[in-house]
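Inside the fold
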Amino acid sequence: MQRVFSGIQPSGTITIGNYLGAIRNFVQLQHTAECLFCVVDMHAITVPQDPQQLYQRTRELAALYLACGIDPQKAILFVQSHVPAHAELGWLLQCMIYYGELGRMTQFKDKSEQKDVVTAGLFTYPALMAADILLYQTTLVPVGEDQKQHLELTRDVAIRFNRRYGETFIVPEAMIPKMGGRIMSLENPLKKMSKSDESPNATLYLLDPPEVLRKKISRAVTDSGREVRYNEEEKPAVSNLMTIYALCTGKSLQEVEEEFAGQGYGPFKQAIADAVVSVFEPIQQRYHEWLESPDLEKTLADGAEKAEKLASVTLEQVKEQIGFLPRRA
Ligand code: TYM
């Protein structure tokens, strides 16, 4: 059986990109694999976070995971900082990963560019991510395309550790969806949609009210011409909107082209808005129920307990292999 791990940062309200690129696939995987899904709050603090906001967003993200369909009977849902083994293995892996490797990470380069303050944590971020994954002997990591490089580094460090200290870690595979792996900004189709985008109109947030979603979609940039046709080079904006529409309705790109043949962008945008609202509305309803339910904290506590049991087995083995003196009673 596959062991699946993935995480999302509570660094903003999750977007349709996070949903289509990641969570939707998590929900499917939980039926056939042993799954762990995590709110990676320790990753979020690699850039400044307001404490109250981080607290709220951690609860919000946990409730959204559940509202999107993560079933705590099937999958383990937990908060990263509740399981200290992540920080511990993160440190050990920092000592196995090279400075040069971290410096080549494009996400680090993007996030550190033109910033006055860049934390050491932002630089070593991929070591903590590798720890998240390797602690659970994960075989499969469902993520969007932007995480591919981090996954490659995770594989490299697992292989390196195994060679140096003996077989310890399973070398995980990334699972990146062909469609939806990279949803683009509604304002600039050459830029990835991101939960921390400064312009709210660039992003469809899972918790945007229906009228806001409709407005943002009606304002989304399109390409020249009026044809609804998929071509990422010639029509990047329309291709992105088609991907969103196709994934929200279950239609193929060809069916979408046929549906809007000769109709122009107006009816197309109207249909996208209807499709997105019909996917988001039930999630929003369940979200509010979860957020107010005492079961939210209990679910996270149960999840942390189960995760900790699994993590401690790997961590103990790693420490022994490295040559640390065991603590005796
Ligand atoms: P994060 O929080 O940025 O994003 C969460 C997930 O959403 C995917 N994603 C997208 N997919 C398609 N289109 C987009 N525009 C888009 N934006 C984001 C991301 O690829 C991701 O799968 N480093 C990770 C969090 C993490 C993690 C892990 C993931 C920490 N430890 C271990 C997997 C395994 C991150 O920042 O994701």
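Residues numbered from 1 in each chain as written. Predicted model: local features only at pLDDT ≥ 70, side-chain atom pairs only at ≥ 80, totals over all residues. Heavy atoms only, no water.

With an unreviewed UniProt entry as reference, the chain is termed Tryptophan--tRNA ligase, source organism Alicyclobacillus tolerans. Its UniProt record gives the chain a comment under Function (unreviewed entry), which states: "Catalyzes the attachment of tryptophan to tRNA(Trp)." Its UniProt record gives the chain the following Subunit (unreviewed entry) comment, quoted word for word: "Homodimer." (UniProt positions renumbered as here; feature names shortened; annotations may be inferred.)

Right, let's get into the site of the ligand. Contacts to the ligand come from 27 residues, most closely from Gln9, Tyr125, Asp132, Asp146 and Lys195. A distance of 2.4 Å separates an oxygen atom of the ligand from a polar atom in the side chain of aspartate 146. In isolation the ligand exposes 710 Å². Once the protein is present, 97% of that is buried. Of all the elements in the fold, those that place two or more residues in the shell around the ligand are β1 (3-8), α1 (16-29) and α7 (120-134). A per-class count over the shell around the ligand returns 11 nonpolar, 11 polar and 5 charged. (Near = heavy atom within 4 Å. Polar contact = N/O pair within 3.5 Å; in protein donor to acceptor, adjacent residues only side chain to side chain. Areas by Shrake-Rupley, 256 points an atom, 1.4 Å probe, with all protein chains shown as cover. Helix = DSSP H or I, 4+ residues; strand = E, 2+ residues; numbered from the N terminus. Nonpolar A, V, L, I, M, F, W, Y, C, P; charged D, E, K, R; others polar.)

So, on to the side chain of aspartate 208. Among the secondary structure elements, aspartate 208 is positioned in the loop between β5 (173-175) and α9 (210-219). Polar contacts involving the side chain of aspartate 208 include one to the side chain of lysine 216, which spans 2.7 Å. When near neighbours in sequence (up to four residues on either side) are disregarded, aspartate 208 contacts Thr203, Leu213, Lys216 and Gln284. (Contact = heavy atoms within 4.5 Å.)

What follows deals with the pattern of salt bridges. Throughout the structure, instances matching the rule amount to 14 salt bridges. Glutamate 297 is the salt-bridge partner of arginine 59, the closest N and O atoms lying 2.9 Å from each other. You can see arginine 59 sitting in helix α3 (residues 51-68) and its partner glutamate 297 sitting in helix α13 (residues 295-322), a full 238 residues away along the chain. Here arginine 214 ties to aspartate 274 by a salt bridge, and the two come within 2.8 Å at their closest N and O atoms. Here arginine 214, found in helix α9, pairs with aspartate 274, found in helix α12 (residues 265-292); they are 60 residues apart in sequence, far enough to count as distant. Judged by its relative accessible area of 32%, arginine 214 is partly exposed. The network of salt bridges with shared partners includes Glu227, Arg229 and Glu234. (Salt bridge = Lys/Arg side-chain N within 4 Å of Asp/Glu carboxyl O. Buried < 20%, exposed > 50% of the residue type's maximum accessible area, 1.4 Å probe, protein only.)

Moving on, we come to empty space enclosed by the protein. Going through the model one piece at a time under the given rule, you end up with 3 cavities of 30 Å³ or more. The computed volume of the largest cavity comes to approximately 60 Å³. Considering the residues around the largest cavity, the lining is formed by Met105, Gln107, Phe108, Lys111, Leu122, Phe123, Tyr125, Pro126 and His150. Looking at the lining of the largest cavity, the elements that each hand over two or more residues are α6 (106-112) and α7. Counting residues per element, the lining of the largest cavity draws most heavily on α7, at 4 residues. (1 Å grid on protein atoms, 1.4 Å probe; cavity = no way out; pocket = protein on both sides within 12 Å on 5 of 7 lines; lining within 4 Å. Points joined across faces, edges and corners; volume = space filled by probe spheres on them.)

With that out of the way, let us pick up the packing of aromatic side chains. Tallying each qualifying case throughout the model produces 14 aromatic pairs. Plain terms: the ring middles of phenylalanine 5 and tyrosine 136 are 5.5 Å apart, the flat faces sit at 5° to each other, and that makes the pair stacked. Residue phenylalanine 5 is located in strand β1, and its partner tyrosine 136 is located in the loop between α7 and β4 (140-142); the two are separated by 131 residues in the primary sequence. For the pair phenylalanine 5 and tyrosine 136, a shared accessibility class is recorded, and that class is buried. (Phe/Tyr/Trp six-rings, centres within 6.5 Å; stacked < 30°, edge-to-face > 60°.)

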